[in-house]
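Examination of the molecular architecture
One letter stands for each residue in the lines below.
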Amino acid sequence: MLEITDLSKTVGKNQVLSDVSLSIRKGEIYALLGKNGAGKTTLMKTIFNILKKDSGQIKIFGQETSNNNDNSVFKNIGSIIETPIFYYNLSAVDNLEIYCDYIGKEFKSNIPDVLKMVGLNTSDISTKKVRDFSLGMKQRLGLARAFLSKPKLLILDEPINGLDPIGIKEIRELILDINQKYGTSILISSHIISEIDKIASVVGIIDEGRMVEETTIEIMRDKTGGNIENYFYQSILGGAL
């Protein structure tokens, strides 16, 4: 679904990504795990050509992307990159209808389904302006927008960041439901290790723009007696805290 080989990116004088490689298979939840500033968001922006790569190769669904303006391959990808932005004086439905004007008006028929999926379909919420939404509701709306076209691949940049425990649980369950019900492949970034343990099958550990290790959750658990935090600390710092 997504294959990245030796991807590098410099911003100003800073080498933000250095020879990063990863591979995501169909139906897989791949977690990109790293500290704040490790290069996770930059990697995701480079996948979408928001930032132009310096070198390396990106293949999406077997098709190589480049720094040109052909964005047709992205029609089958949904995303939340950094904080979702909306028209705050409009309702959730209005926001999704406007989004369909960009990605394809045929997807307007999916709006009731995705709002129901994320729990924003009740009568009181349907008329409420997004400016009055809680952070958790905005994240759910962002996930609804990302999944509006029923994409084959979702790329989610720290979707639980800043949420309270209930909000984290809601988003986690939504991500798992999308993956299990639709077989959607998911690339998710986070620095919250305990949440990655609950949803991911494969983990790429990134630090200072380099892919330190690519492994499975099962291997991480086996090597640390179930404590994947220690595995992360050992990979990044060379020892458990």
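Data block above holds the structure.
Reference entry: report on the structure contained in this document. Please read these numbers as outputs of a predicted model, since none were measured by experiment.

This part takes up the pattern of salt bridges. Under the defined criterion, the tally for this structure stands at ten salt bridges. Lys108 serves as the salt-bridge partner of Asp101, at 3.4 Å between the closest nitrogen and oxygen. With relative accessibility at 43%, the residue Asp101 sits in the partly exposed group. Its salt-bridge partner being Glu195, residue Lys198 comes within 3.8 Å of it at the nearest N-O pair.

Once that is clear, we can look at the packing of aromatic side chains. Under the defined criterion, the tally for this structure stands at four aromatic pairs. Note on Phe48 and Phe74: the rings are 5.5 Å apart at their centroids and 35° apart in plane angle, and the pair reads as tilted. On the criterion of sequence distance, the pair formed by Phe48 in the loop between helix H1 (40-47) and strand E4 (55-60) and Phe74 in the loop between strand E5 (63-65) and strand E6 (77-80) is long-range, its members being 26 residues apart. Overall, the relative accessible area of 14% leaves Phe48 in the buried class. The class for Phe74 is buried, based on a relative accessible area of 12%. Consider the rings of Phe86 and Tyr88, whose centres lie 6.4 Å apart with planes at 90°: the pair is edge-to-face.

We now examine the sheet that holds strand E1 (residues 2-11). In sheet architecture, strand pairing relies on hydrogen bonds along the backbone and comes in two forms, parallel and antiparallel. Read from one edge to the other, the open sheet built from four strands follows the order E2-E1-E4-E5, with strand pairing classed as antiparallel. Strand pairing shows two members of the sheet lacking a second neighbour, strand E2 (14-24) and E5, which therefore form its edges. On average, adjacent strands in this sheet sit at an angle of 30° to one another, irrespective of strand direction. With seven bridges joining them, E1 and E2 adopt antiparallel strand pairing. Bridge pairing in E2 links Glu3 to Ser23.

With respect to the secondary-structure elements, Ser8 resides in strand E1. Only 3.0 Å separates the side chain of Ser8 from the backbone nitrogen of Asp19, close enough to count as a polar contact. Setting aside anything within four residues of it in sequence, one finds Ser8 in contact with Gln15, Leu17, Ser18, Asp19, Lys53, Asp54 and Ser55.

On the basis of which strands lie adjacent, the open sheet formed by six strands has the order E6-E7-E8-E3-E9-E10 and mixed pairing. Taken across any chain shown, the strands that pair with only one partner, and hence form the sheet edges, are E6 and strand E10 (210-216). Strand-to-strand, the axes of this sheet are offset by a mean angle of 15°, without reference to chain direction. Pairing analysis gives five bridges linking strand E3 (residues 29-33) to strand E8 (residues 185-190), with the strands arranged parallel. By the bridge assignment for E8, Ile29 is matched with Ile186. Against the sheet, H1 touches E3, strand E7 (153-157), E8 and strand E9 (202-207), its axis set at about 145° to E8.

The next point concerns the nonpolar core. Note on soluble globular proteins: their nonpolar side chains tend to be buried together. Core analysis: the biggest nonpolar cluster contains 49 residues, and Leu141 and Val203 have the highest contact counts within it. Here the element with the most residues in this core is helix H6 (residues 165-182); it accounts for six residues. Leaving out residues up to four positions away in the same chain, Val203 has contacts with Tyr30, Ala31, Leu33, Ile196, Glu213, Glu214, Thr215, Ile217 and Met220. Of all hydrophobic cores here, the second largest spans 26 residues; its members include Ile4, Ile24, Tyr30 and Phe48.

Here is what the cut-offs are and how they apply
Residues numbered from 1 in each chain as written. Predicted model: local features only at pLDDT ≥ 70, side-chain atom pairs only at ≥ 80, totals over all residues. Heavy atoms only, no water. Salt bridge = Lys/Arg side-chain N within 4 Å of Asp/Glu carboxyl O. Buried < 20%, exposed > 50% of the residue type's maximum accessible area, 1.4 Å probe, protein only. Phe/Tyr/Trp six-rings, centres within 6.5 Å; stacked < 30°, edge-to-face > 60°. Helix = DSSP H or I, 4+ residues; strand = E, 2+ residues; numbered from the N terminus. Pairing = 2+ DSSP bridges. Axes fitted to C-alpha atoms, helices over the stretch in contact; angles between N-to-C directions. Polar contact = N/O pair within 3.5 Å; in protein donor to acceptor, adjacent residues only side chain to side chain. Contact = heavy atoms within 4.5 Å. Core = buried A, V, L, I, M, F, W, Y, C linked by side-chain atoms within 4.5 Å.

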